[in-house]
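Read off the chains here:
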Amino acid sequence: MNVFLASQRTALIQAFTFLSSSPSCSSRKFVHTRKSVILNRVSSRRPVGQTYSHSFHPLSHSRLHSTMSDSNENSFPTEMTEDERYLFDLNGYIVVKNVLTAEEVAQANAIIDKHQHEMVERKEAALRNAVKGTKMYGEGPGRKDLGGVLEWGEDSKVFKKILAHPRLVPLFHGILGKGYRMDHLPFVIAQDKGAEGFQLHGGTIDCTSGTYNPELAYTCYNGFIRSALLGCNVMLTDHDAGFGGFCVVPGSHKSHFKMPKGMVDGERYSEYIRQPDTKAGDVVLFSEGTVHGAMPWTQETQRRVCLYRFSPATNVYGRSYFAEKGRWPEKMYEDLNDAQRAVLEPPYANRLDRPEIQEDCTSVVISSRSARKKQHDQDIFGTKYF
């Protein structure tokens, strides 16, 4: 009997080795699962007191998911990596490469083309973002803004992907925590050749006044990163060195002092102001606690980015989330999966039934208190949420 079991076990392992050479990911996943089940059944028939050993170690569910996913998701980590944590903490921003595919970039730009007539140029002096005559001002044309990117029905799908994109969710969780939320209405920023940039602004310590900005602040305690407000720049055109556009002062999220006079306009210490080299499809995540701005655009091709801002579950800066019946504009909720819809939740603590995005970046799990505590609050307040 023992000889029979040993030979049966050897045959099964040989069969698994042959089948697992198939190029199909779904086949490998199936064979892996079947081998585990069959080996367990064979082992369960062994004589009392006798054990079998083998060198096969089944993958955990999360590891199996990450290695068996399709090619577009295969390289996506499920947590913010140590490298990413270090670089974000060091600089106050990070460039995430190839978040959107070339096809998605083309699709986004074609949709913007359809709505280009809706762009509003900042012509008036009261709307200008740079001081005339300074290096940030450019040759005179104003920046152009385009809202409504999540309210265009089918055309909004590519923009809605950013809310819970599988490449970005681990970084959102690492910087903002689970239950993160969209804080501002996203919009497209466009600059034609010579258009003005944006003088430096923001900072955990305001770069102009020197006062503390709790609504923008960056903190890191015992390896626990939090940014009260996170900018998410989706680059829809190339931004090679010298092109202009988004710029940042690396490390300024940890500064304790306001900037020297003239620096916010690029007139002094410009060597400390960096324009990240990015390609269309990249995403720049930056703490609003990091001093940032934009340089004048120098290229014939119109500069385009889509800017989102996200916050931790209990932080809030903007107020459009209750503009229509206590919600974002109604059209934004069309064709969302559960994860994307969770990002549109208003600010409140996770334990008060907040949906938290899971590793698949489509489903959620509700974080909650006990039913008894909620009933107690219902009894004394008339609502299960205190």
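Computed from a predicted structure; not experimentally measured.

1. Some thoughts on the pattern of salt bridges
For step 1, the next point in the chain: Inspection of the entire model under this criterion finds 20 salt bridges.
For step 2, the next point in the chain: Salt-bridge contacts for Arg167 lead to Glu84; the nearest nitrogen and oxygen are separated by 2.8 Å. Here Arg167 is found in the loop between α6 (157-160) and α7 (169-176), whereas its partner Glu84 is found in helix α4 (residues 82-91), with 83 residues between them in sequence. Exposure class is identical for Arg167 and Glu84. Each is buried.
For step 3, the next point in the chain: Note that Asp113 and Arg304 form a salt bridge whose closest N and O atoms lie 2.8 Å from each other. Here Asp113, found in helix α5 (residues 102-114), pairs with Arg304, found in strand β13 (residues 303-311); they are 191 residues apart in sequence, far enough to count as distant.
For step 4, the next point in the chain: A residue is classified by how much of its surface remains accessible, and Asp113, at 44% relative accessible area, is partly exposed.
For step 5, the next point in the chain: Taken together, the shared-partner salt bridges connect Arg122, Arg143 and Asp145 into one network.

2. Considering the side chain of Arg309
For step 1, the next point in the chain: As for its placement among the helices and strands, Arg309 is situated in strand β13.
For step 2, the next point in the chain: Among the polar contacts listed, one links the side chain of Arg309 to the side chain of Glu288, at a separation of 2.9 Å.
For step 3, the next point in the chain: Other than its neighbours up to four places away in sequence, Arg309 contacts Arg181, Met182, Asp183, His184, Phe187, Leu229, Leu230, Gly231 and Glu288.

3. What to know about the packing of aromatic side chains
For step 1, the next point in the chain: The tally for this structure, following the rule as stated, stands at 11 aromatic pairs.
For step 2, the next point in the chain: A ring pair is formed by Trp152 and Phe159, whose centres lie 5.9 Å apart and whose planes are at 85°; its orientation type is edge-to-face.
For step 3, the next point in the chain: A relative accessible area of 14% means that Trp152 is categorised as buried.
For step 4, the next point in the chain: The class for Phe159 is buried, based on a relative accessible area of 3%.
For step 5, the next point in the chain: For the pair Tyr269 and Tyr272, a centre-to-centre distance of 6.5 Å together with 50° between the ring planes defines the contact as tilted.
For step 6, the next point in the chain: Site record: aromatic cluster; members linked through ring pairs are Phe172, Tyr180, Tyr308 and Phe310.

4. Describing α7
Count 3.6 residues to each turn of an α-helix, and residues three or four apart come out pointing the same way.
For step 1, the next point in the chain: Within α7, 8 of the 8 residues are buried, leaving the element largely enclosed by the surrounding structure.
For step 2, the next point in the chain: Every buried residue of α7 is listed here: Val169, Pro170, Leu171, Phe172, His173, Gly174, Ile175 and Leu176.
For step 3, the next point in the chain: Remark: Gly177 follows α7 within two positions and exhibits a positive phi of approximately 90°.

5. Overview of α4
For step 1, the next point in the chain: Among the residues of α4, Glu84, Phe88, Asp89 and Asn91 are the ones counted as buried.
For step 2, the next point in the chain: Considering only its buried residues, α4 is in contact with β1 (93-96), α7, β7 (218-221), β8 (224-227), β9 (230-235) and β11 (283-287).

6. Details of the state of the cysteines
Each disulfide is one covalent bond, formed between the sulfur atoms of two cysteines.
For step 1, the next point in the chain: Here the structure, examined in full by the defined rule, presents 0 disulfides.
For step 2, the next point in the chain: Of the cysteine sulfurs around Cys232, a residue in no disulfide, the closest is that of Cys306, at 8.4 Å.
For step 3, the next point in the chain: Judged by relative accessible area, which is 0%, Cys232 ranks as buried.

What counts and what doesn't
- Numbers given for residues are sequential positions, taken from 1 along each chain in its written order.
- Note on the predicted model: pLDDT of at least 70 is required for a residue's local features to be given, and 80 or more for side-chain atom pairs to be given and counted; whole-chain, interface and lining totals, by contrast, use all residues.
- For the side-chain quantities, the full set of heavy atoms in the structure was used; hydrogens and water were omitted.
- For salt bridges, the criterion is a side-chain nitrogen of Lys or Arg within 4 Å of an Asp or Glu carboxyl oxygen.
- Here a strand is any run of E in DSSP of at least two residues, a helix any run of H or I of at least four, and the numbering for each starts at the N terminus.
- Relative accessibility thresholds used throughout: buried, under 20% of the residue-type maximum; exposed, over 50%; partly exposed, between the two (1.4 Å probe, protein chains only).
- Any pair of nitrogen or oxygen atoms within 3.5 Å is treated as a polar contact; in protein, a donor-acceptor pairing is required on top of that, and neighbouring residues in sequence qualify only through side-chain atoms on both sides.
- Residues are treated as being in contact if the distance between any of their heavy atoms lies within 4.5 Å.
- Here a pair means two rings of Phe, Tyr or Trp (six-membered ring of Trp) with centres within 6.5 Å. Their orientation is stacked below 30 degrees between planes, edge-to-face above 60, and tilted elsewhere.
- When two cysteine sulfur atoms are found within 2.5 Å, that pair is recorded as a disulfide.

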